[in-house]
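# A look at the structure
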Amino acid sequence: MEGFLPWQWCLFWYIVAMPVVAYGVIQIKKITDKQPESKPLLAVSGAFVFILSSLKLPSVTGSCSHPTGTGLGAVLFGPAAASVLGAIVLVFQAILLAHGGITTLGANIFSMGIIGPLVAWLVYKGIQKANGPTLLGVFLAAALADLMTYVTTAIQLSLAFPVPSFGMAFNNFMWIFAITQIPLAIAEGLLTVVIFDYIMKLKPDILENLKVIGPKVKEKVQAVV
Amino acid sequence: MFENTLDNYAHHNGLKDTNTLFKVLFAISTMLVSLISISPVVPLIITLVMSFIIIFFAKIPWKFYLKFLFIPFVFAFITFIFMSIFFGVGAHILELGFFNLAVTADGFNLGFLVLARIMGGFTCLAFLALTIPMTELFSELERIKIPQIVLELAMLMYRYIFVFLDEAMNMYHAQETRMGYISLKKSFKSMGMLASNLFIRTWLKGEKAYFAMESRCYNGSIRTLKEPESLRNIGVRNLCLFITFEILLLLGVYLTGSFRIFEIV
């Protein structure tokens with residue numbers, strides 16, 4: 001929320017977030033140069049993040065609880081590209097809906113745009129490596145991305161306001177977030193699974209080109225359809 | 001929809017012909033002053049001044065503006081209560097009488113400062129959101145050398161957000177006229193169908209629009225005939241007012257630096 005963090009922390013999170021976003025821009029350029037037809041999907045995933053993260057529930061800790069939607073983008077395009085999507089969405093939210101804020105942008109990008117997608121991507125790739133079911137991977141990726149975003153936010157908040165101590169503040173923030181965020185994370189995971197399932201049935205080629213699913217999964221999906 | 005009215009005001013307000021760069025500079029620098037202030041006085045002054053400008057110069061209806069301001073205020077107020085109870089270690093100024101909870105002086109001060117900062121920052125943001133249309137912001141961003149691919153994606157995304165809302169409304173009405181929300185169980189089912197189809201429908205629609213643009217020589221940027229604005233168009237008078245205002249605020253920050261509502265003993 002605008003004005004919530006002291007300026008030193010605003011600056012710090014900006015400095016941490018910027019290189020990742022810059023790297024993400026290079027990644028996105030690579031993807032779209034190779035496959036210009038993935039641009040609409042990129043933009044729709046971004047719009048999806050925007051819509052989901054506008055569904056805010058206020059929680060008492062200087063931040064709102066909301067689904068993040070970044071898991072889907074991360075699974076589809078990788079964490080670096082998803083961080084750019086997250087950054088654009090957060091700028092939109094600040095300017096269009098006056099949510100989030102310009103000064104706290106760095107911190108928000110770090111929690112929602114970097115940690116969330118990174119977790120989602122790692123979980124998804126991990127389950128794929130272990131030959132787990134694709135949809136389970138998508139569910140866990142989306143739900144955990146959502147949860148980890150809030151753990152990161154709690155850490156950021158308690159770093160900025162370590163009263164009476166970092167641990168105590170962290171504990172306070174975590175409890176409050178846990179109440180609102182765990183149901184939201186599960187709901188988001190389910191929604192992402194439904195959407196991903198549709199994409200797999202409708203346009204398996206684009207997923208294969210983006211190396212999201214292997215040829216085996218594609219054949220199986222096509223056999224079902 | 002809420003977003004639509006916000007966008008409408010951004011296009012039709014009393015300050016829409018003012019230099020975009022000037023508006024951005026004004027809002028961002030005032031926001032920064034509010035941020036670095038260590039006493040609640042300056043952010044509260046900023047809140048009042050910004051609200052004054054938004055209501056009387058930008059001519060945003062005050063009812064709409066207050067409704068707009070109400071959500072962050074509630075949010076900031078809850079934060080304030082939370083911080084004044086849990087974030088203090090100093091002297092107790094008000095015993096709550098249960099769970100050994102009490103409002104402490106330093107917690108109260110910190111909470112009030114954060115409340116003031118949120119309101120100060122939020123009104124600056126409201127000024128940006130209510131007076132600058134998105135398309136003009138894009139052209140400003142292009143000038144400060146934001147990579148083209150980012151702007152292109154941002155532009156597509158901006159469009160798709162409205163496609164999303166549009167599709168959602170259409171599907172909702174279609175479901176409603178077919179008794180889709182007649183009972184709780186049906187509502188859940190309809191909601192699920194809506195949510196899962198929404199993404200695909202928007203994607204397909206967006207793809208169509210993209211291909212249509214591409215077959216008409218779209219190469220990543222939409223060029224408009226608007227003359228680029230420069231800092232010179234702002235005018236000496238406005239620029240002087242702007243600088244004086246910011247200096248006064250900074251002076252205020254310096255002078256009120258040690259002000260606290262409750263002195264810490």
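Predicted model only: the values in this text are computed from it and were never measured.

Rules and cut-offs
Counting restarts for each chain: residues are numbered from 1 in the order of the written sequence. A letter from A marks each chain and a number from 1 marks each ligand, given out in the order of writing. With pLDDT at 70 or above as the cut-off, local features in this predicted model cover only qualifying residues; side-chain atom pairs require 80 or more to be listed or tallied, and sums for whole chains, interfaces and linings still use all residues. As a convention, hydrogens and water are excluded, and side-chain values are obtained from all of the structure's heavy atoms. Think of it this way: any DSSP run of H or I at least four residues long counts as a helix, any run of E at least two long counts as a strand, and we number them from the N terminus. Type-normalised accessible area, obtained with a 1.4 Å probe on protein chains alone, sets the label of each residue: buried when under 20%, exposed when over 50%, and partly exposed for intermediate values. Between two residues, a contact is recorded if the distance between any of their heavy atoms is within 4.5 Å. Every accessible area reported is derived by Shrake-Rupley at a probe size of 1.4 Å, with residue values counting cover from the shown protein chains alone. A side-chain nitrogen of Lys or Arg and a carboxyl oxygen of Asp or Glu constitute a salt bridge if their distance falls within 4 Å. Computed with a 1.4 Å rolling probe, the buried area is the accessible surface lost when two parts are put together, summed over both parts. We call two N or O atoms a polar contact when they sit within 3.5 Å, provided that within protein one can donate a hydrogen and the other can accept it, with sequence-adjacent residues counted only if both atoms are side-chain atoms. Any residue that is not Ala, Val, Leu, Ile, Met, Phe, Trp, Tyr, Cys, Pro, Asp, Glu, Lys or Arg is counted as polar, Gly included; the first ten are nonpolar and the last four charged. As a per-residue quantity, pLDDT reports the predictor's confidence and falls between 0 and 100. Domain start and stop positions are those given by an automatic or database domain assignment. Here, patches come from residues exposed beyond 30% relative accessible area and free of salt bridges, joined within 9 Å for like charges and within 5 Å for nonpolar side chains (Val, Leu, Ile, Met, Phe, Trp, Tyr).

## Considering the overall build of chain B
- What chain B contains, in helices and strands, is nine helices and two strands.
- What you see in chain B, going N to C, is helices and strands ordered as α-α-α-α-β-β-α-α-α-α-α.
- When each of the 265 residues of chain B is scored for burial, the buried share is 48%.
- The contacts in chain B between residues at least 6 apart in sequence include a share of 74% that link residues at least 24 apart.
- As displayed, chain B has an accessible area near 14700 Å², and 70% of this comes from carbon and sulfur atoms.

## With respect to helix H3 (residues 70-77) of chain A
Residues and elements named next belong to chain A.
- Within H3, eight of the eight residues are buried, leaving the element largely enclosed by the surrounding structure.
- Of the residues making up H3, those classed as buried are Thr70, Gly71, Leu72, Gly73, Ala74, Val75, Leu76 and Phe77.
- Count one or two residues on from H3 and you reach Gly78, which has phi positive near 90°.

## Remarks on the pattern of salt bridges
All names here are of chain B.
- In this structure the tally under the stated criterion is three salt bridges over all chains.
- For Arg201, the salt bridge identified is with Glu167, shortest N-O distance 2.9 Å. One end of the pair, Arg201, is in helix H8 (residues 184-214); the other, Glu167, is in helix H7 (residues 148-177), with 34 residues separating them in the sequence.
- For Arg201, a relative accessible area of 45% gives the class partly exposed.
- Between Lys205 and Glu167 there is a salt bridge whose closest N-O contact spans 3.2 Å.

## Remarks on unusual backbone geometry
- Phi is positive for Asn131 of chain A, close to 60°, though the residue is something other than glycine.
- Looking at where Asn131 of chain A falls in the secondary structure, it is placed in the loop between helix H5 (105-129) and helix H6 (134-160).
- Even without being a glycine, Lys59 of chain B presents a positive backbone phi close to 55°.
- For Lys59 of chain B, the position within the fold is in the loop between helix H3 (41-57) and helix H4 (62-86).
- Using a relative accessible area of 61% as the deciding quantity, one classes Lys59 of chain B as exposed.

## What about the interface of chain B and chain A?
- Between chain B and chain A, the residue contacts involve 54 residues of the former and 61 residues of the latter.
- With both chains or domains summed, chain B and chain A bury close to 5200 Å², and 85% of this area falls on carbon and sulfur atoms.
- When the buried area of chain B at its contact with chain A is split by residue, Met157, Phe199 and Trp203 of chain B rank highest and sum to 15% of it.
- Where chain B packs against chain A, one counts two residue pairs in polar contact (both at pLDDT 80 or more).
- Considering each element in turn, the side of chain B that touches chain A owes the most residues, 12 residues, to H7 of chain B.
- Partitioning the side of chain B that touches chain A into residue classes produces 42 nonpolar, seven polar and five charged.

## Notes on the confidence of the model for chain A
- Residue-level pLDDT values for chain A average 80, and 88% of them are 70 or greater.
- Mean pLDDT per element in chain A: strand E1 (residues 57-59) of chain A is the minimum at 58, and H5 of chain A is the maximum at 88.

## Notes on the domain arrangement of chain B
- Annotation of chain B at the domain level lists domain 1 (2-132 + 235-255) and domain 2 (146-214).
- Between the C-alpha centres of domain 1 of chain B and domain 2 of chain B there is a distance of 34 Å.

## A look at a nonpolar patch on the surface
- Together, Phe70, Ile71, Phe73, Val74, Phe77, Ile78 and Ile81 of chain B make up a nonpolar patch on the protein surface, roughly 600 Å² of accessible area in all.
- Accessibility expressed as a relative area gives 37% for Phe73 of chain B, which makes it partly exposed.

## A few points about the side chain of Ser158 of chain A
Residues and elements named next belong to chain A.
- With respect to the secondary-structure elements, Ser158 resides in helix H6.
- A relative accessible area of 0% means that Ser158 is categorised as buried.
- Looking at Ser158, its side chain comes within polar contact range of the main-chain oxygen of Ala154, at 2.5 Å.
- If we skip the residues at most four places from it in the chain, Ser158 touches Phe166, Ala169, Phe170 and Phe173.

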